[in-house]
Amino acid sequence: MKQQIIVSGLGGQGALTLTRLLAEAAAALGLPVITSETHGMAQRGGTVISMIKVGPFRGPLIPAGEADRGLFLHPKNLAVHRFYLRDGAAVFVNAALPGDYRSVDARSLAAAHGLPAVAANLILLGYAAGQGGVFAGPDLLVEMIAAKTPERFREASLRAFQAGLAAAA
Amino acid sequence: MQTKTSINIDNQRILMGNEALGRGIVEAGVTLAASYPGTPASEILASAVTYAKETGAELYAEWSVNEKVAFEVALANSMCGRRSAVSMKQVGLNVASDPFMRAAYLGVKGGLVVVVADDPGPHSSQTEQDSRFFAMFAKVPVLDPSSPREAKDMVAQALELSERFELPVMVRPTTRVCHARQNVPCGTPVRLDRPAKFDKDPRRWCATPVFVLELHRGLNDKLDKIAGVPEFAPQLTAGDGSYPGACIIASGVAYAHTGDWLEELGLLGRVDFYQVTMPYPLNRDFIHTVQTRYDKILVIEETYPVIELQLADARVQGRTSGLVPRAGELTPDVIRPVLETFLELPARVVPAPPGGGDRPTLCAGCAHRAAFYGIKTAFPAGIFPSDIGCYTLGLNLGAVDTCHCMGAGISQAAGFYRAYAAGGGEFPTIVATIGDSTFFHAGVPALVNAVFHRARFILVILDNATTAMTGHQPTPQVGFTATGEHGHPVFIPDLVRACGAGFLREADPYDLPAFIDLLKSADAYCRSPEGGVAVVIAKHPCLLDKEACKAQPAYDMGITEDCTGCLQCLEDFECPALSLDETDGRVVIDEGRCVGCGVCVHVCPEGAITANTEGRP
Ligand code: SF4
Ligand code: SF4
């Protein structure tokens, strides 16, 4: 089993949370995993990217044209990071407008569910998981969110994930 | 001295490289860890604190005021026979270089591991210098991990080596190790019962020049021995003879990425492939083997040619020959064409990165933005030296003209004043900005110097009560230590007064008109006959402090029909909550990002931005 995933967003959108959850999910499945993240200056609203490599990899970076999956927290990042995806990769985008990708309007969904804007990240993950887009199934991800999210965000995080899942159905 | 176990924790965990390093520090029985935060090293110390608490291991940890202080504190613990760790980013070692260089000669007693995180790229640093080079310069052995897992193991290995040869040992991870996450086996911390025991030895611990020469000879002997230690010799993944006379030598995360490519190309096990885990001193037999067994040699390392230089062989292809680019990070996309050339493989066609993306900016409602806007408005023709931190982003607002190294903004302000005052004519208003943590780190000596020498400039200390850029480590003023205990707080105004500054005011830059008036009176002080350095403390908590954010009023913001689309609020103020609505040419406020600070009201020349003081509905 090998799967390479990129998570692209803007600093503060919660790309790191998704990275961590996917890494934990891989570990729970007994799969080796290595990720890379953006920290520091770029986290102040700049363009950020995380990479998750599931399988027997040594290095944390995904080469151009090799990623199997893309999760985009903002549609404008497509222009910046799409080159990492291989032909035929599945792309999930938090976007109000449809395009040549699978989109979910996570921001509006968050508002409709009374969730903060930052919950869009878990809505997108729920959506991608619901579409069978990532190596881990929805049940496992729910388990990971419940186990790894600090108490005060847990309930909202689970609701966000479920909202994304429902949108994928 | 043997191990007593405490709580038994034996499992795999997903750890970030820096967490793995922190875990390694605790598991190896380190009793004192000191650090100053800086990307990509920041999370190491806090992780060590977390794991020490979790396992009940004994650990004193501190955020020191700077890296030099951190190094010296850790060094003394080691001189008492106890294991010690100091961690920092690569440019932090520049600050700690003085004690670091001498520690190589004088050596240590208890193991001392010096974790220095490099930032090839660079992603978040003012240089992409290679700390392995610094280790070589200092004659200190250095280990180069290729993954979080290795990073953790190398902490213990470094400490053992350090104790065996009584000298400090460096572990040099890079950003891609520090900020990678991986499943890492976690073990039980060893407990070394070693009460402090400092053996006085003035010929060593206060070595005067007569003794230094002898110590230098001793250091050379140690290094010769270390270059022969088999555990640290490069690891060979042997080829099957398909590439006779050729070898690839790599270290750090570049080894990992090279290995992934070789595997994907089906070449792992077909060409001789070495991982160098200790780039300095490079294993003696290995150097001999390379020079005699191979005639086609590729070296892949970040960021400077440290292994290459020690191989001292003109046949080596790498950073020096130019086959490997001489600057920049060695990502898989950079390594691939190097391998293609070296192994004569067909080129892989890849999409080129289009570049672009959003530049980072100060957060919505950040008080630094208000301060910078005030400075720029008060002195449109001013010169603005600044410093290292979130507030470096003030350059987007035209209120940061220099960013050099920690504390430099204050000394540069003094130098700018001298340069302009030399002719005896008018000098421009010079406003230096520095963050609270940076002021503690390196600003104090610079301020003493500027005050004493009668430089005339305004110093704005941006006091947001935290080290925001690197993840909110407390400053000495905040009163909490790295382990969450109460320190004895040191207050910035007291320090400023003690430095002799004749003008000191505190203000909240949110009240922009008052802040601008204050800056003007500071300028008048600088220019008065008895004037000198005027210090303004711009005080407002960082908004990522959720409590502070909740405690301040949140106005219900609006934009009226009066907006002319002049874009002053976007171009000169750049709050990320404001953007242009292309459909009607007016500015809109993004409710999701706006924190309702109300500062932008003062920015719009048309009075089109309104704040409902009743607060949000
Ligand atoms: S809100 Fe004011 S400053 Fe911003 S574009 Fe409109 S008129 Fe200009
Ligand atoms: S009130 Fe104005 S300056 Fe403050 S966060 Fe909102 S848009 Fe930005």
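The shown structure was predicted, so the numbers you read here are calculated from the model rather than taken from an experiment.

Quick notes on the rules
- Residues numbered from 1 in each chain as written.
- Chains lettered and ligands numbered in written order.
- Predicted model: local features only at pLDDT ≥ 70, side-chain atom pairs only at ≥ 80, totals over all residues.
- Heavy atoms only, no water.
- Helix = DSSP H or I, 4+ residues; strand = E, 2+ residues; numbered from the N terminus.
- Rg over C-alpha atoms; globule rule 2.2 N^0.38 Å.
- Buried < 20%, exposed > 50% of the residue type's maximum accessible area, 1.4 Å probe, protein only.
- Contact = heavy atoms within 4.5 Å.
- Areas by Shrake-Rupley, 256 points an atom, 1.4 Å probe, with all protein chains shown as cover.
- Lys, Arg positive; Asp, Glu negative; His and termini not counted.
- Charge placed at Lys NZ, Arg CZ, Asp CG, Glu CD.
- Salt bridge = Lys/Arg side-chain N within 4 Å of Asp/Glu carboxyl O.
- Phe/Tyr/Trp six-rings, centres within 6.5 Å; stacked < 30°, edge-to-face > 60°.
- Near = heavy atom within 4 Å.
- Nonpolar A, V, L, I, M, F, W, Y, C, P; charged D, E, K, R; others polar.
- Axes fitted to C-alpha atoms, helices over the stretch in contact; angles between N-to-C directions.
- Parallel < 35°, antiparallel > 145°, perpendicular 65-115°, else oblique.
- Left-handed = near helix turned anticlockwise from the far one by under 90°.
- pLDDT = per-residue confidence, 0-100.
- Pairing = 2+ DSSP bridges.
- Right-handed = clockwise from strand over helix to strand, strands pointing away.

Participant: Teacher, can you tell me more about the overall build of chain A here?
Facilitator: Per the secondary structure count, chain A includes six helices and six strands. Along its sequence from the N terminus, chain A presents helices and strands in the succession β-α-β-β-β-α-β-β-α-α-α-α. A compact globule built from 169 residues would reach a C-alpha radius of gyration of about 15 Å, and chain A, at 14 Å, matches this within 12%. Along the longest, intermediate and shortest principal axes, the C-alpha atoms of chain A span 40 × 35 × 35 Å. By residue count, 61% of the 169 residues in chain A fall in the buried class. Sequence separation of at least 24 residues holds for 58% of the intrachain contacts in chain A that already meet a minimum separation of 6. Counting every atom, chain A has about 6,200 Å² of accessible surface; 54% of that belongs to carbon and sulfur. Charged side chains of chain A number 15 positive and 11 negative; the gap between the two group centres comes to 5 Å.

Participant: Just to check I follow, could you spell out the pattern of salt bridges for this structure?
Facilitator: Pairing of side chains with opposite charge becomes possible as their charged atoms draw close. Residues and elements named next belong to chain B. Here the structure, examined in full by the defined rule, presents 44 salt bridges over all chains. Arg172 serves as the salt-bridge partner of Asp118, at 2.9 Å between the closest nitrogen and oxygen. Of this pair, Asp118 sits in the loop between strand S6 (112-117) and helix H6 (131-138) while Arg172 sits in the loop between strand S8 (169-171) and helix H8 (175-178), and the two are 54 residues apart along the sequence. Among the charged side chains, a salt-bridge network with shared partners connects Asp118, Asp130, Arg132, Asp144, Arg172 and Glu301.

Participant: In this structure, what is going on with the packing of aromatic side chains? I would like to understand it.
Facilitator: Aromatic ring pairs: the centre-centre distance and the angle between the two ring planes describe each pair. Residues and elements named next belong to chain B. Counting across every chain of the model gives 13 aromatic pairs over all chains. Plain terms: the ring middles of Phe198 and Trp205 are 6.4 Å apart, the flat faces sit at 40° to each other, and that makes the pair tilted. In this structure Trp205 comes out as buried when scored by relative accessible area, which is 14%. Plain terms: the ring middles of Tyr417 and Phe427 are 4.9 Å apart, the flat faces sit at 85° to each other, and that makes the pair edge-to-face. Of this pair, Tyr417 sits in helix H16 (residues 408-421) while Phe427 sits in the loop between H16 and strand S18 (431-435); the two residues are 10 residues apart in sequence, bridging distant segments of the chain. With relative accessibility at 8%, the residue Tyr417 sits in the buried group.

Participant: Sorry if this is basic, but what is going on with the site of ligand 2 here?
Facilitator: Near ligand 2 there are 13 residues, and of these Cys575, Cys594, Cys597, Gly598 and Cys600 of chain B occur at the shortest range. Looking at the shell around ligand 2, its residues break down into 10 nonpolar, three polar and no charged.

Participant: Quick question: what am I supposed to make of the packing of helix H4 (residues 120-130) of chain A against helix H6 (residues 151-168) of chain A here?
Facilitator: A pair of packed helices is captured by two measures, namely the crossing angle of their axes and the spacing between those axes. Residue and element names in this part refer to chain A. One can describe the packing of H4 onto H6 by two numbers: an axis separation of 6 Å at closest approach and a directional angle of 40°. Judged by the angle between their axes, H4 and H6 are oblique. When the axes of H4 and H6 are compared, the crossing they make is right-handed. Across from Leu122, Ile123, Leu125, Gly126, Tyr127, Ala129 and Gly130 in H4, the residues of H6 making contact are Ser157, Ala160, Phe161, Gly164, Leu165, Ala167 and Ala168. Taken together, the residues of the contact of H4 with H6 sort by class into 10 nonpolar, four polar and no charged.

Participant: Is there a simple way to explain the confidence of the model for chain A in this structure?
Facilitator: Caution applies to low-pLDDT regions: their predicted coordinates should not be interpreted in detail. Residues with a pLDDT of 70 or more make up 98% of chain A, whose mean pLDDT is 92. The weakest mean pLDDT in chain A belongs to helix H3 (residues 106-112) of chain A at 92; the strongest belongs to strand S4 (residues 67-72) of chain A at 97.

Participant: What am I meant to see in the site of ligand 1 here?
Facilitator: Lining the immediate surroundings of ligand 1 are Cys563, Thr564, Gly565, Cys566, Leu567, Gln568, Cys569, Val587, Cys604, Pro605, Glu606 and Ile609 of chain B. Classifying every residue of the shell around ligand 1 gives eight nonpolar, three polar and one charged.

Participant: How do you make sense of the sheet that holds strand S12 (residues 246-251) of chain B when you look at a structure like this?
Facilitator: Sheet strands line up and pair through hydrogen bonds in the backbone, either parallel or antiparallel. Residues and elements named next belong to chain B. Pairing is mixed in the open sheet, where five strands are placed in the order S11-S13-S12-S14-S15. What marks the edges here is a single partner per strand, and that holds for strand S11 (235-237) and strand S15 (316-317). The pairing of S12 with strand S13 (residues 272-276) spans five bridges and is classified as parallel. Of the residues in S13, the one forming a bridge with Ile248 is Phe273.

Participant: Help me understand unusual backbone geometry, please; the structure alone is not making it clear to me.
Facilitator: Peptide bonds are mostly trans, and most non-glycine residues show a negative phi. Residue and element names in this part refer to chain B. Here the residue pair Tyr280 and Pro281 is connected by a cis peptide bond, since its omega of -10° sits within 30 degrees of zero. Note on placement: Pro281 falls in the loop between S13 and helix H12 (284-293). Residue Glu302 is joined to Thr303 through a cis peptide bond whose omega torsion reads -5°. The topology assignment puts Thr303 in the loop between strand S14 (296-300) and helix H13 (306-311). The phi dihedral of Lys139 is positive, around 65°, even though this residue is not glycine. Within the secondary structure layout, Lys139 lies in the loop between H6 and strand S7 (142-143). Look at Lys139 and you get partly exposed, because its relative accessible area is 24%. The backbone of Glu344 shows a phi angle near 55°, a positive value even though the residue is not glycine. Inspection of the secondary structure assignment puts Glu344 in the loop between helix H14 (332-343) and helix H15 (367-378).

Participant: It is not clear to me how the sheet that holds strand S5 (residues 84-89) of chain B should be interpreted in this structure. Could you clarify?
Facilitator: Residues and elements named next belong to chain B. Taken in spatial order, the six strands line up as S4-S3-S5-S6-S8-S7 in an open sheet, and their pairing is parallel. Edge positions in the sheet fall to strand S4 (60-63) and S7, since each has one partner strand and no second. Bridge count for S6 against S8 is three bridges, and the pairing is parallel. Looking across to S8, one finds that Val114 is bridged to Met170. Packed onto the sheet, helix H2 (residues 43-55) meets strand S3 (32-35), S4, S5 and S6 and runs at close to 150° relative to S4.

Participant: Before we go on, may I ask you to explain the pairing of S14 of chain B in this structure?
Facilitator: Residues and elements named next belong to chain B. Counting buried positions along S14 yields four of five residues, so the element is predominantly enclosed. Relative to S15, S14 runs parallel, the two being bridged by two bridges. From the neighbouring strand, Leu298 faces S15, where its bridge partner is Gln317. Running through H13, the crossover from S14 to the neighbouring parallel element S15 is right-handed.

Participant: Could you clarify how one ought to interpret the packing of helix H5 (residues 97-106) of chain B against helix H10 (residues 209-226) of chain B in this entry?
Facilitator: Residues and elements named next belong to chain B. In contact at an axis separation of 7 Å, H5 and H10 are set at 80° when each is read in the N-to-C sense. One element, H5, and the other, H10, form an angle in the roughly perpendicular class. Taking contact as the criterion, the partners of Arg102, Ala104, Tyr105 and Leu106 in H5 are, on H10, Val212, Leu215, His216 and Leu219. Looking at the contact of H5 with H10 residue by residue, the class counts come to six nonpolar, one polar and one charged.

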